[in-house]
Amino acid sequence: MATGDTEREAYVPEDQGGTAAPRTLAEALRARGDEGLAALLRARPDLLAPVPNDLTQLATRAGTRASVVRALERLDRFTLQTAEALAVAPDPAPYAVLRALMAGEGGDPPVEEALPGAVATLREQALVWGGDDRLRLVRTARELLAPSPQHPSPTGLGPTVAEATAGMSPGRLQEILRTVGLPTTHDPVSAVAALTALFTDRARMDALLDQAPAEALGVLDRLVWGPPYGEVTANPTPPVRWLRDRGLLLPTSARTVALPREVALHLRGGRAHRTPEPVPPPVAPAREYRPQVVDSTAAGQAYTALATAEELLKKWDEGGPAVLRAGGLSVRDLKRTAALLDVTEPVAAFWLELLYAAGLLASDGEADERYAPTPAYDEWLDLPAARRWARLATAWLAQTRTPGLVGGQDAKGRTLSALGPDLDRGAAPEVRRRVLELLAALPPGAAPEPEAVLARLRWERPLRGGGNTAADLRARLATWTLEEAELLGVTGRGALSAHARALLGGADATREAGTPGTDAAHEAGTSGAGAAHKAGTSGAGAAHGWGAAHDAGPHEDAAVALLAPLLPEPVDHVLLQADLTAVAPGPLRRPLADTLAVLAEVESKGGATVYRFTPGSVRRALDAGQSAADLHAFLAAHSRTPVPQPLAYLIDDVARRHGHLRVGAASSYVRCDDDAVLGEILADKRSASLGLRRLAPTVLAAQADPAALLAGLRSMGFAPAAESAEGDVLITRAAARRTPPRTPPAPVPDGPPVPDDTLLGAAVRAIRAGDLAATVTRKEPREPAPGGGTLPRTSAAETLATVQAAALTNSAVWIGYVNADGAASQRVIAPVRVEGGFVTAYDHTADEVRTYALHRITGVAELAEE
């Protein structure tokens, strides 16, 4: 379907010369070529589930309410306006009548230029059929789009004269004819026809309206563009009475009148729509920057995005928040996560959902279920920074989970939580890609106004948009896309970056290739369409696994190549300062960053990260197995400045006290060579909760477990070390809790996926073959099927003789066949060989050579000669 970016295909009027006009939609489809059928199935993939048996079934399915509603929802505004005009036109309507409804009596060149393309789109999607002299809107679409009191039409038109006078008495009709100066008739049908002819005659209508009082014309002006209904009292005002007496207003109930459609069209100059929109709203540049500025800004934000993702997952290395019973993250935990990242709660929800969609974060599945990084996170960390960003951006493009919904309510009034259920919106990837495509259509460095993007999306999908921005999911998805693209570094200052343009090319290629759809397969002998064909691709979720299973495409490689030079190079040094801080002048290399994260606390982030050394952070490094000498050597090796004396003193002082106390398991115990220290602990009131008692001059026993005892002593200002049962110091390295291997959540599709060319080709062949079997002319069998069935019935001897004769004469026959599952079907075959109780034949229905058991053939009939 045209969306306004590409030129509409050239319109070629249907030529009915020499061929009979189609009487049904099935006949119109039968006259199409294979490309035309493939175009229909590509535009409406729901028609392939399952593959129709023949063209009659395809036409029936194309006219079902659910399928027509889905097709109408995917029309752009002008094509939909064309369908709405056909819904208020006579059925069938010549092309000239449709053009007059769209362009008006005075003509409208832009409308007239765009109208053939709109008709071609409707015809391609089987919403309209017939030649230009008899355009027919499919019945279901007419029922959906035609005006009614319950469902007003966007055209603002009301009922026709015939519809409005359906319940009117014959006498009242004759009164109206006399009032407008027409001769009376002998029956209501001719009276309605005479009144309709008057209202559609411009000269006579002008003369009638010239007699109308000014107040009556004012009433018509208020109704002409809709809504066409008005309430009246039992004793209406003179202007209303004047209009009602002449049929210019017709009663639809005791207190309601309607403006007849023919009168409204006369007053409108023949237009069905007040404002036809043949041209999509432009998405023009509102601000322009140098492309280098945009790329640098986006790259800086991409670096921040990677740092944010790493910071969040590193904080959850030992296990993140608990999973709610209903799934997802609690409001309190979301607030804590937002405070941890120093962002708002909606932004925190975006990062959580992105990491979840990328397969880097999941629940661990334990009894006390918590969120934690996945094993794929460690693989992701080993990638270069630009590659890591590309993986996140690729996951963002495809994800259907919508973090913007977090905090809202579902249909049952329950609050939607981050990482919880009911956040999938199938339209999200389509809207996301479309917004980025609109940005990509602008010159590099150009940024549009968000409202221009929203207006364009509303034009492209008016039924899905609904016209109400506050309640429009597509508009909200587009707004969230613009915000998220800026957070992720896809855009810079509102303009699409060069590396995002490269990555978007890969997304477009993936979308055009299609995703696996329904099987176009029916085994031999069933009543289905025939040709067995299956899409040999995996599900959408498997496309987002990381690590070795992820194959980077050329578009991702191109994006990485463009982004990598813009990201700061990792550095292998820090600048130590006398105030017990260290400044990292850029992103640190992985081993240095990991060690420094244990040895110091992050004080501030930005272009340069500031770390602060504290007694607690130094003790943490000692607990991880480092010695004071190791820490001195590490700092000396990675600092471009001399190690400050206060820092060296801090390390030595903490190390001297570290391990002076030993905690082990009794329930637990404390031992120390200095009995005065143990006496000090016993005398301290803060140790009362630990249940300590002296066992020996150098040993205290405790009722608390070792972990609680360690924490209690550290809170009292001591630096105890844990020891094993053998008396050795236990080294507690930084924990790295990981979930079992997880696959990322599979995107929830927004309806059936677009089929690929292979599936389309197989489906078209199957439908053609099934249609041949259903419509071929054949001789009536000598013995009719029992119960009036349609399968031929012949004896075994006659079946064998007929099949053998067909094989000798190389002719086709019609057979009834029952397969091993008991499913009966009728097929057209050309026998090649008959032997051993089997017939090998070319099956026109399946479009391939197959073998059939003779005993399963219910009967055979010769095809009638043309």
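What this report covers is the structure whose coordinates are included nearby. (Residues numbered from 1 in each chain as written. Predicted model: local features only at pLDDT ≥ 70, side-chain atom pairs only at ≥ 80, totals over all residues. Heavy atoms only, no water.)

Here we come to the sheet that holds strand β4 (residues 250-253). Strand pairing in a sheet relies on backbone hydrogen bonds. The paired strands run either parallel or antiparallel. What the three strands build is an open sheet, ordered β3-β5-β4; its pairing is antiparallel. In this open sheet, the two edge strands, each paired with only one partner strand, are β3 (229-231) and β4. Mean inter-strand twist for the sheet, computed between neighbouring axes without regard to direction, equals 40 degrees. Summarising the sheet, β3 and strand β5 (residues 256-258) pair through three bridges and their orientation is antiparallel. Bridged to Gly230 within β5 is Val257. (Pairing = 2+ DSSP bridges. Helix = DSSP H or I, 4+ residues; strand = E, 2+ residues; numbered from the N terminus. Axes fitted to C-alpha atoms, helices over the stretch in contact; angles between N-to-C directions.)

What follows covers the pattern of salt bridges. Should their charged atoms come close, side chains of opposite charge can pair. This model, assessed by the stated rule, comprises 45 salt bridges. A salt bridge links Arg30 to Asp771; its shortest N-O distance comes to 2.7 Å. Remark: Asp771 occurs in helix α33 (residues 757-775) and Arg30 occurs in helix α1 (residues 25-30); sequence separation between them is 741 residues. Note that Asp653 is salt-bridged to Arg656, the shortest N-O span being 2.8 Å. Residue Asp653 and its partner Arg656 are both found in helix α30 (residues 645-657); the two are separated by three residues, about one turn of the helix. (Salt bridge = Lys/Arg side-chain N within 4 Å of Asp/Glu carboxyl O.)

Here we take up the pairing of strand β25 (residues 857-862). A regular strand carries its side chains on alternate faces of the sheet. With five of six residues buried, β25 lies mostly within the body of the structure. One ladder, built from five bridges, connects strand β21 (residues 813-818) with β25; its direction is antiparallel. In the sheet register, Trp814 faces β25, and the bridge partner there is Ala861. (Buried < 20%, exposed > 50% of the residue type's maximum accessible area, 1.4 Å probe, protein only.)

Right, let's talk about the side chain of Asp54 for a bit. Here Asp54 shows up in the loop between α2 (34-43) and α3 (55-62). Among buried Asp, Glu, Lys and Arg side chains, Asp54 stands out as unpaired, with Arg30 the closest opposite charge at 6.1 Å. At 2.9 Å, the side chain of Asp54 and the backbone nitrogen of Gln57 are in polar contact. Contacts of Asp54, omitting those with residues within four sequence positions, involve Ile767, Gly770, Asp771 and Ala774. (Lys, Arg positive; Asp, Glu negative; His and termini not counted. Polar contact = N/O pair within 3.5 Å; in protein donor to acceptor, adjacent residues only side chain to side chain. Contact = heavy atoms within 4.5 Å.)

Before going further, it helps to examine the packing of aromatic side chains. Following the criterion strictly, the structure yields three aromatic pairs and no others. We note Arg493 situated over the ring of Tyr289; from NZ or CZ to the ring centre the distance is 5.5 Å. (Phe/Tyr/Trp six-rings, centres within 6.5 Å; stacked < 30°, edge-to-face > 60°. Lys NZ or Arg CZ within 6 Å of the ring centre and 35° of its normal.)

We now examine helix α28 (residues 615-623). Each α-helix turn comprises 3.6 residues. Residues three or four places apart therefore point the same way. Burial in α28 covers these residues: Ser617, Val618, Ala621, Leu622 and Asp623. Check the buried side of α28 and you find it contacts α27 (590-599), β14 (601-604), β15 (609-612), α29 (628-638), α30 and α32 (706-715).

Let's shift gears to the environment of Gly659. Mapped onto the fold, Gly659 is located in the loop between α30 and β16 (662-664). Owing to a relative accessible area of 16%, Gly659 belongs among the buried residues under this scheme. Linking Gly659 and Glu723, residues 64 residues apart in sequence, is a C-alpha distance of 9.1 Å.

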